[in-house]
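Here is how the chains run, residue by residue.
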Amino acid sequence: MREFKSDKLRVCVIGMGPIGNRHADIYKADELVELAGVCDIIEDRVKTAGERLGIPWFTSAEDMLAALSPDVCSVATGGYEYGSDHYEPTIQALNAGCHVLCEKPICNEIDKAEEMVRVAREKGLCFGVDLNHRFTPAARLAKSWLDEGRLGSLLFVNMALWIGRPQDTDPPYFHLKALNPHSIDIMRHYCGDIAKVQCFATKAPGRTIWSTASFNMQFSNGAVGHLTSSYDIQRGHPMERCEVAGVNGRFVLEDMWREVTLYPAGDSVKSVYTNPVFGGYTGFEDTFRDRLHCFLKEVTEGAAPEDIDGSGADGLAAQKVIAAAIESLETGLIVTVE
Ligand SMILES: NC(=O)c1ccc[n+]([C@@H]2O[C@H](COP(=O)([O-])OP(=O)(O)OC[C@H]3O[C@@H](n4cnc5c(N)ncnc54)[C@H](O)[C@@H]3O)[C@@H](O)[C@H]2O)c1
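Keep in mind it's a predicted model, so treat the numbers as computed, not measured. (Residues numbered from 1 in each chain as written. Predicted model: local features only at pLDDT ≥ 70, side-chain atom pairs only at ≥ 80, totals over all residues.)

Digging into the overall build of the chain
So, point 1. Scanning the chain from terminus to terminus reveals nine helices and 15 strands.
So, point 2. If you line up the chain on its principal axes, its C-alpha atoms span 60 × 45 × 40 Å.
So, point 3. For the chain, the residues scored as buried account for 46% of the 338 residues in total.
So, point 4. Contacts in the chain between residues at least 24 apart in sequence constitute 70% of all its contacts with a sequence separation of at least 6. (Helix = DSSP H or I, 4+ residues; strand = E, 2+ residues; numbered from the N terminus. Buried ≥ 20, exposed ≤ 12 C-beta atoms within 10 Å, placed from the backbone. Contact = placed C-beta atoms within 7 Å.)

Examining the site of the ligand
So, point 1. Around the ligand, 26 residues are found, and the nearest of them are Gly15, Gly17, Ile19, Gly78 and Tyr82.
So, point 2. Contributions of two or more residues to the shell around the ligand are made by helix 1 (18-29) and helix 4 (87-95).
So, point 3. Among the residues making up the shell around the ligand, the classes are represented as twelve nonpolar, seven polar and seven charged. (Near = placed C-beta within 6 Å. Nonpolar A, V, L, I, M, F, W, Y, C, P; charged D, E, K, R; others polar.)

Things to note about helix 3 (residues 61-68)
So, point 1. Residues Ala61, Met64 and Leu65 constitute the buried set of helix 3. Seen end-on, helix 3 carries its buried residues on one side only, within an arc spanning 95°. Facing away from the buried surface of helix 3 by more than 90 degrees, the exposed residues are Asp63 and Ala66.
So, point 2. Elements in contact with the buried residues of helix 3: strand 1 (9-14), strand 2 (33-39), strand 3 (57-58) and helix 4. (Arc of directions from axis to C-beta.)

Overview of the domain arrangement of the chain
When the parts of a complex come together, some accessible area is lost, and that lost area is often used as the size of the interface.
So, point 1. Segmenting the chain into domains produces domain 1 (9-125) and domain 2 (134-287 + 319-336).
So, point 2. A C-alpha centroid distance of 28 Å is found between domain 1 and domain 2.
So, point 3. If you look at the interface, domain 1 gives eleven residues, while domain 2 gives eleven residues.
So, point 4. Grouping the constituent residues of the side of domain 1 that touches domain 2 by class yields six nonpolar, two polar and three charged. (Domains from an automatic or database assignment.)

So, the nonpolar core
So, point 1. Counting 101 residues, the largest nonpolar core has Val100 and Ala325 as the members making the most contacts within it.
So, point 2. It is helix 9 (residues 312-331) that contributes the most residues to this core, ten residues altogether.
So, point 3. Discounting chain neighbours no more than four positions away, the residues touching Ala325 are Leu176, Val197, Cys199 and Phe215. (Core = buried A, V, L, I, M, F, W, Y, C linked by C-beta atoms within 7 Å.)

Structure, rendered in structure tokens:
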């Protein structure tokens, strides 16, 4: 068991946009943790958040880390491709001895993401990425079916993830890099490492970014997979669907937490888990609550950094698949994931 400075973990949040405020609200309500402080380089944002939450606020991460010595830090900055600002505060927090939970994408640049993972490993600190789509009761049940061998040898995965993001001011690969850490992570979570990728993409009418994409994948274990992702479908529709098939059966997971169905091969009786009306997930925000709590629990219980669910290494692996997909899109070739 690790030694902590008080009976509860002390946690700080860096980056107080909508997502950082969400992390802070969740920590404030979590019994495992005391929310110690928040930070943003935009004074208005962090002052408003600090006063609302009734906790100290800072405009410099280094000042906050020195003043409060937290056990855990959330990094909820954004930046170019929604990920360029994660590197600096993550390294600062790790150097200050904090366990870090970083928003996705781990970073928009692979070499910096590698360094983030390396520094955490060298310091023996837990480093998680907010790959929140795998942290639901339905997603966990699907994983347990796989682990119990109910699907048998894997054959294929069909994944789809889409949201409406109609504004077109983002950089060309924003959709591929910022949305698909989630979908690639779910595919890797269920089917293992991805060895090769081929990607086609299109720009919806009136758009300048690659707003809808289609990926073919080959997994290291020989299974094959497909991903459709889009920023062109308006909200109100279902958002995510994951179908995984093996020689013994197949499951379909709808919308991360709503429903998962197991279809055993050769059996007309299926098993269906449906999100409970009472006590179940009420919306997407619950994926954050579950994910953040899971990281806090792992840190509290002294989990080994390499055993963190949704780790920095998982975030990095997803980003490498996306980099390979972008290379495929640019060259028209099948690309091996490095
Ligand atoms: N897991 C999910 O489902 C999910 C959903 C949406 C967004 N996100 C991710 O959450 C992150 C934040 O999203 P957002 O919409 O709140 O972004 P945002 O741009 O509105 O907020 C980020 C904040 O970080 C601050 N910041 C940047 N560098 C800083 C630094 N060095 N120190 C302190 N503050 C700094 C900025 O001033 C800004 O206020 C993004 O990386 C995004 O990809 C995740």
